[in-house]
Amino acid sequence: MTTNNIWTIQKLLSWVTEYLNNKGIDSPRLSAEILLSCVLGLKRIELYTQFEKIVSEEQLGRLHNLVERAGRHEPIAYLAGKTEFYSLEIEVSADCLIPRPETELLVERAIEFLRVRSGKQFICDLCTGSGCIAAAIAKNYPDCQIIATDICDAALSVADRNIEKHQLGERIKLLHGDLFDPIVPYLDVEKFDLIVCNPPYVSAAEFEKLDKNVKDYEPRLALFAGDEGLDIYRRIVEKAGQFLKPDAKLMLEIGCEQGPAVKQLLEMVGCFSEITIEKDNQGNDRIVIAKKS
Ligand code: GLN
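The shown structure was predicted, so the numbers you read here are calculated from the model rather than taken from an experiment. (Residues numbered from 1 in each chain as written. Predicted model: local features only at pLDDT ≥ 70, side-chain atom pairs only at ≥ 80, totals over all residues. Heavy atoms only, no water.)

**Some remarks on the nonpolar core**
If you look at soluble globular proteins, the nonpolar side chains tend to sit buried side by side.
Part 1 of the reasoning: Counting residues in hydrophobic clusters, the biggest one holds 38 residues, and the most contacted among them are Ile137, Ile146, Ile172, Leu194 and Met251.
Part 2 of the reasoning: Elements with a contribution of two residues or more to this core: α5 (76-80), β2 (88-91), α6 (104-117), α7 (132-140), β4 (144-150), α8 (153-165), β6 (192-197) and β9 (285-292).
Part 3 of the reasoning: In this structure, Ile146 is in contact with Ile123, Asp125, Ala134, Ile137, Ala138, Arg171, Ile172 and Lys173, ignoring residues within four places of it in sequence.
Part 4 of the reasoning: Phe192, Tyr233, Leu244 and Ile254 belong to the second-largest nonpolar core, a separate cluster that totals 32 residues. (Core = buried A, V, L, I, M, F, W, Y, C linked by side-chain atoms within 4.5 Å. Buried < 20%, exposed > 50% of the residue type's maximum accessible area, 1.4 Å probe, protein only. Helix = DSSP H or I, 4+ residues; strand = E, 2+ residues; numbered from the N terminus. Contact = heavy atoms within 4.5 Å.)

**A few points about the sheet that holds strand β5 (residues 172-176)**
Part 1 of the reasoning: If you trace the seven strands from one edge of the open sheet to the other, you get β5-β4-β3-β6-β7-β9-β8, paired in mixed fashion. Bordering the open sheet on either side are β5 and β8 (272-279), each of which pairs with just one other strand. Taken over all neighbouring pairs, the strand axes of this sheet differ in orientation by 15 degrees on average, direction set aside.
Part 2 of the reasoning: Where β6 meets strand β7 (residues 244-253), five bridges bridge the pair, whose relative direction is parallel. Residue pairing in the sheet places Ile195 in a bridge with Leu250 of β7. (Pairing = 2+ DSSP bridges. Axes fitted to C-alpha atoms, helices over the stretch in contact; angles between N-to-C directions.)

**A few points about the site of the ligand**
Part 1 of the reasoning: In the neighbourhood of the ligand, the contacting residues comprise Leu97, Arg100, Asn198, Pro199, Pro200, Tyr201, Val202, Val214, Ala222 and Leu223.
Part 2 of the reasoning: In this structure, Arg100 approaches the ligand through a side-chain N or O atom, which is 2.9 Å from an oxygen atom.
Part 3 of the reasoning: Within the side chain of Asn198, a nitrogen or oxygen atom sits 2.8 Å from a nitrogen atom of the ligand.
Part 4 of the reasoning: Alone, the ligand offers 290 Å² of accessible surface; in the complex the protein occludes 86% of this. (Near = heavy atom within 4 Å. Polar contact = N/O pair within 3.5 Å; in protein donor to acceptor, adjacent residues only side chain to side chain. Areas by Shrake-Rupley, 256 points an atom, 1.4 Å probe, with all protein chains shown as cover.)

**Observations regarding the pairing of β8**
Part 1 of the reasoning: Pairing geometry for β8 and β9, over six bridges, is antiparallel. If you follow Ser273 over to β9, its bridge partner there is Lys291.
Part 2 of the reasoning: Two successive antiparallel strands, β8 and β9, enclose a turn made up of five residues, where Gly283 displays a positive phi of approximately 85 degrees.

**Regarding the packing of aromatic side chains**
Part 1 of the reasoning: Tallied over the full model, the rule gives seven aromatic pairs.
Part 2 of the reasoning: Put simply, the rings of Trp7, Trp15 and Tyr19 touch in pairs and so form one group of aromatic residues.
Part 3 of the reasoning: One residue, Arg220, lies across the ring of Phe224, its end atom 4.3 Å from the ring centre. (Phe/Tyr/Trp six-rings, centres within 6.5 Å; stacked < 30°, edge-to-face > 60°. Lys NZ or Arg CZ within 6 Å of the ring centre and 35° of its normal.)

**Remarks on unusual backbone geometry**
Part 1 of the reasoning: Phi is positive for His73, close to 75 degrees, though the residue is something other than glycine.
Part 2 of the reasoning: Mapping His73 onto the fold places it in the loop between α4 (57-71) and α5.
Part 3 of the reasoning: Its relative accessible area of 23% is what places His73 among the partly exposed residues.
Part 4 of the reasoning: Positioned with a positive phi, Leu179 is a non-glycine residue whose angle comes to about 45 degrees.
Part 5 of the reasoning: Note that Leu179 resides in the loop between β5 and β6.
Part 6 of the reasoning: Leu179 gets classed as buried once you look at its relative accessible area, which sits at 9%.

**Observations concerning the pairing of β4**
Side-chain direction in a regular strand flips from residue to residue, so the side chains alternate between the two faces of the sheet.
Part 1 of the reasoning: Across the seven residues of β4, six count as buried, placing the element largely inside the fold.
Part 2 of the reasoning: Relative to β4, strand β3 (residues 121-126) runs parallel, the two being bridged by five bridges. Residue Asp125 lies in a different strand from β4, and its bridge partner there is Ala148.
Part 3 of the reasoning: As for the winding sense of the linkage, the β-α-β connection from β3 through α7 to β4 is right-handed.
Part 4 of the reasoning: With α8 bridging β4 and the parallel β5, this β-α-β connection has right-handed handedness. (Right-handed = clockwise from strand over helix to strand, strands pointing away.)

**With respect to the packing of helix α11 (residues 231-240) against helix α12 (residues 259-269)**
Part 1 of the reasoning: It is at 9 Å that the axes of α11 and α12 come closest, and there the two elements cross at 30 degrees. The angle between α11 and α12 places the two elements in the roughly parallel class. In the packing of α11 onto α12, the handedness of the crossing is right-handed. In this structure, α11 contributes Tyr233, Arg234, Val237 and Glu238 to the contact, and α12 contributes Val262, Leu265, Leu266 and Val269.
Part 2 of the reasoning: Partitioned by chemical class, the residues of the contact of α11 with α12 number six nonpolar, no polar and two charged. (Parallel < 35°, antiparallel > 145°, perpendicular 65-115°, else oblique. Left-handed = near helix turned anticlockwise from the far one by under 90°. Nonpolar A, V, L, I, M, F, W, Y, C, P; charged D, E, K, R; others polar.)

**Looking at helix α1 (residues 9-22)**
Count 3.6 residues to each turn of an α-helix, and residues three or four apart come out pointing the same way.
Part 1 of the reasoning: Along its 14 residues, α1 runs 20 Å from first to last C-alpha, staying within 8% of the 20 Å computed at 1.5 Å per residue.
Part 2 of the reasoning: Buried within α1 we find Ile9, Leu12, Leu13, Val16, Thr17 and Leu20. Along α1, the residues classed as buried sweep out an arc of 130 degrees about the axis, all on the same side. Relative to its buried face, α1 has exposed residues pointing more than 90 degrees away, namely Glu18 and Asn22.
Part 3 of the reasoning: Its buried side turned inward, α1 meets α2 (28-40), α3 (44-49) and α4.
Part 4 of the reasoning: Positioned one or two residues after α1, Gly24 has a phi angle of 75 degrees, which is positive. (Expected span 1.5 Å × (residues − 1). Arc of directions from axis to C-beta.)

Written out as structure tokens, the structure reads:
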């Protein structure tokens with residue numbers, strides 16, 4: 001990017017889009033818009049209303065750095081420090097998984113279930129990461145108390161900022177620890193109406209095949225779950241029953257080939273009924289829902 005001639009927003013958008021396209025980056029135009037709006041402190045729509053605006057040398061320098069990193073497949077969400085999930089702006093850092101659109105299905109089913117049940121609901125979100133699932137549920141079903149846990153302290157700091165940003169501190173409690181471990185001391189109070197979780201579920205074989213932007217940049221701890229990718233499900237399923245009220249539900253995100261295996265795990269523990277597997281918008285199996293019987 002030469003800086004010795006005049007760069008307008010319009011010219012930069014075309015230049016960056018082409019650069020990212022040549023590097024094989026997905027959605028190059030959208031990515032260019034996100035990076036440029038982040039450097040300029042503008043909303044994406046404002047780029048278009050200020051097409052002729054001249055970008056300063058200092059801003060060009062910052063943009064150059066981000067675009068170069070994006071060209072090496074560093075995720076755009078990490079570069080921008082945020083992404084959108086269930087219409088909420090969610091802060092992210094390399095300490096947490098970037099919220100995926102597929103995970104919105106889990107949130108949607110959770111909210112539907114809570115609305116039918118109605119009244120104050122007690123919810124548990126395991127492996128909360130950025131806190132996106134807990135935040136989206138609490139925003140859309142206000143009459144709830146959520147306990148969200150994660151084994152990674154650094155991820156919990158990100159979750160904490162997201163909860164603060166969306167003013168959900170009174171409804172979401174973050175606890176540090178492995179799955180249900182930190183919850184045990186709170187359980188004499190009440191059991192959960194709903195447990196949700198998007199755990200790590202990538203198998204050893206799949207891990208090797210992940211895109212560079214995922215494999216090289218997102219936390220392995222948030223992705224990898226043993227040879228078959230089922231390690232965390234086994235541990236959740238084994239314990240979940242004792243934390244759920246009768247008729248409460250467990251909702252798990254799954255990898256597209258894991259439906260039958262996770263269903264079988266749930267059947268084996270013997271305390272769940274109505275176990276269903278549901279597909280996402282792409283037609284891939286994406287969530288498993290089970291009712292505590
Ligand atoms: N769906 C994510 C991916 O494909 C994996 C998320 C997870 O392990 N929870 O990269």
